[in-house]
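These are the residues of each chain, in order.
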Amino acid sequence: MDLSQRPARTKGLRLAAVASSAVLLSLAAGTLPAQAAPAAPASAPAAVAERHVPRLDREALRASLDAVHEAGMYGTYSAVRDGSAHWHGAAGVADTDTRRPVRPGFQHRVGSITKSFTAVAVLQQVHTGRVDLDAPVARYLPDLVPGEQGRATTVRMLLNHTSGLGDHIAGAFPGILQDPGKALDTGRFRHWAPEDLIRIGLATPSPVPRGTYGYSNTNYLILGELLREVTGEDPERYITRHVIRKAGLRHTYFPRTARLTGPHSRMYESMYGMIDPARDYSVYDMSWAGVAGNLVSTMDDLNSFYRQLLTGRLLGPAELREMKTTVPAYEAPPGEEAVMRYGLGIYTTRMSDGRWYWGHDGAVFGAGTMALSSEDGRHQVAIGLNLMKYQRLDDNGLPQPHAVDAALIRHVEGALAGGPRPAASARTAAPALTLLPTAAEPRPLAAADPLKR
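### What about the pattern of salt bridges?
So, step 1. Throughout the structure, instances matching the rule amount to 16 salt bridges.
So, step 2. Glutamate 269 is the salt-bridge partner of lysine 389, the closest N and O atoms lying 2.8 Å from each other. A residue pair is termed long-range when its members are at least 10 positions apart, and lysine 389 in the loop between β14 (387–388) and α14 (403–417) and glutamate 269 in strand β5 (residues 268–269) qualify at 120 residues. Accessibility assignment for this pair places lysine 389 and glutamate 269 in one class, buried.
So, step 3. Residues joined in a network through salt bridges with shared partners are Asp95, Arg266 and Asp280.

Given below as structure tokens:
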């Protein structure tokens, strides 16, 4: 489809947003303002006292996951934990042609959730003294990030997206606004070197100034090269050995080819109806995402990872405190506080129950994922979707609310509460799991960045 024939609908789809591989940056119950907030580091708001639910309401979880599929999602799978109780479910199909059903244990491309793993690896190097969070990146990579960009950008700024650096993803997929299907098909087997992607990002203007939160995948590719410099190892290999294996994760890995090695769903991309019918991109060379979004995992493994991270099993107390030091992810109206805050590769968001949860989300072409945990790791949910950007656009090019969005938030909030939730209100039915209109702006329920998500 030639998007030039639809100027009104594509106006809001800025370059960074359409490159589907983003972090769904905000499971917030309501639309977040698009403007990022000033980035003075601050601790996240104190967590509300934890409640203990005696058991999971499995019937309600089953019904709410079915509702996500019935609302229009091809297939979805979820893993829920409440203390020692576990629940796994799946609803819908993994292949729209054969009608093969989805299964709870499917492997899944988890997009920007990869950033949490990369951040843990960097913070391990902070612990050893090889990396200083507040040192300029030019100290470690003077040739890769030269000049003022390298001297003024600290390691911490890369981790919490306050670097003011641009995003490489739109530049890696030329023509994506004119013909997204052609652009994605052309890039399916293209292999990128990280330094080439970083050069694209450094040459791309950022929508926000340095010191202000502005989501950029290029930040994390630079962190990958930082790991290579200080450890002498390939960053994906280092993360595998020192984060994934340390956490004992059995189904989490960086794929060596364009194909996944275990049971998985097809992954369908609609690009807001501009790819019609939605196309399968489960086979894809993910070098364009690198350590910003190339990871494959299962919902169970994600819950295990965040539980171990938040309870201090992967980082020391000092490094975990640094990771949980956050900046507002958008500028809240006067008298209100931001309900989403970004730390070092992890964010915290306040749900409608008033409690704060930690985790991340991610999306690549055709696959979306969210993982949220209470601070003590007792209450957790991870959910995967196999159809992305299923919404349609309004005349300003912005995604419109979809029935899937309301069903999704109801399942997530019910899972974290351990039981059924009331039907989603109009306020919670804001667009979910959508790509941000820019690479950096948070959006409703899930701010997608082109790896953003």
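### Looking at the nonpolar core
So, step 1. Grouped together as the largest cluster of nonpolar side chains are 123 residues, with contacts concentrated most on Phe117 and Leu309.
So, step 2. In this structure phenylalanine 117 touches Ile239, Val243, Ile244, Leu249, Thr252, Leu295, Leu302 and Phe305, once residues within four positions along its chain are discounted.

### Focus: helix α3 (residues 58–70)
Helical periodicity: at 3.6 residues per turn, an α-helix aligns residues three or four positions apart in one direction.
So, step 1. Over its 13 residues, α3 extends 18 Å from the first C-alpha to the last, a length consistent with the 18 Å expected when each residue adds 1.5 Å.
So, step 2. Lining the buried residues of α3 we find β2 (75–82), β3 (85–92), β13 (379–385) and α14.
So, step 3. Count one or two residues on from α3 and you reach glycine 72, which has phi positive near 130 degrees.

### Brief notes about the layout of surface pockets
So, step 1. Taken as a whole, the largest pocket holds about 780 Å³ of empty space.
So, step 2. What lines the largest pocket is a set of 32 residues, and nearest its centre among them are Asp234, Glu236, Phe254, Pro255 and Asn294.
So, step 3. When residues of the lining of the largest pocket are traced back to their parent elements, those giving at least two are α9 (194–203), α10 (218–231) and α11 (235–244).
So, step 4. Top element by residues in the lining of the largest pocket is α11. It accounts for six residues.
So, step 5. Residues of the lining of the largest pocket, tallied by class, amount to 13 nonpolar, nine polar and ten charged.

### Examining the pairing of strand β10 (residues 347–350)
So, step 1. Bridging between strand β9 (residues 340–342) and β10 involves three bridges; their strand directions are antiparallel. Across the sheet, the residue bridging to arginine 341 is threonine 348, located in β10.
So, step 2. Between β9 and the antiparallel strand that follows it, β10, lie four residues; glycine 345 among them carries a positive phi value of about 80 degrees.
So, step 3. Counted along the chain from β10 to the antiparallel partner strand β11 (residues 356–364), the turn is five residues long, and its residue glycine 354 has a positive phi close to 90 degrees.

### A look at the side chain of threonine 252
So, step 1. Looking at the secondary structure, you find threonine 252 in the loop between α11 and β5.
So, step 2. Polar contacts involving the side chain of threonine 252 include one to the side chain of serine 297, which spans 2.7 Å.
So, step 3. Within polar-contact distance, the side chain of threonine 252 engages the side chain of aspartate 301 at 2.8 Å.
So, step 4. What threonine 252 contacts, discounting residues up to four positions off in sequence, is Phe117, Ile244, Leu295, Val296, Ser297 and Asp301.

### Some details on the sheet that holds β14
So, step 1. Taken together, the three strands give an open sheet; going across it, the order is β6-β5-β14, and neighbouring strands pair in mixed fashion. The sheet terminates laterally at β6 (279–280) and β14, the two strands that pair on one side only.
So, step 2. In this sheet, β6 lies alongside β5 in antiparallel orientation, the contact comprising two bridges. The residue bridging glutamate 269 from the neighbouring strand is arginine 279, located in β6.

### Details of the packing of helix α4 (residues 114–128) against helix α12 (residues 299–310)
So, step 1. Running from N to C, α4 and α12 cross one another at 35 degrees; their axes reach a closest spacing of 12 Å. Relative to α12, the crossing made by α4 is left-handed. On α12, the residues that touch Ser116, Phe117 and Val120 of α4 are Leu302, Phe305, Tyr306 and Leu309.
So, step 2. Class assignment for the residues of the contact of α4 with α12 results in six nonpolar, one polar and no charged.

Cut-offs and rules
Residues numbered from 1 in each chain as written. Predicted model: local features only at pLDDT ≥ 70, side-chain atom pairs only at ≥ 80, totals over all residues. Heavy atoms only, no water. Salt bridge = Lys/Arg side-chain N within 4 Å of Asp/Glu carboxyl O. Helix = DSSP H or I, 4+ residues; strand = E, 2+ residues; numbered from the N terminus. Buried < 20%, exposed > 50% of the residue type's maximum accessible area, 1.4 Å probe, protein only. Core = buried A, V, L, I, M, F, W, Y, C linked by side-chain atoms within 4.5 Å. Contact = heavy atoms within 4.5 Å. Expected span 1.5 Å × (residues − 1). 1 Å grid on protein atoms, 1.4 Å probe; cavity = no way out; pocket = protein on both sides within 12 Å on 5 of 7 lines; lining within 4 Å. Points joined across faces, edges and corners; volume = space filled by probe spheres on them. Nonpolar A, V, L, I, M, F, W, Y, C, P; charged D, E, K, R; others polar. Pairing = 2+ DSSP bridges. Polar contact = N/O pair within 3.5 Å; in protein donor to acceptor, adjacent residues only side chain to side chain. Axes fitted to C-alpha atoms, helices over the stretch in contact; angles between N-to-C directions. Left-handed = near helix turned anticlockwise from the far one by under 90°.

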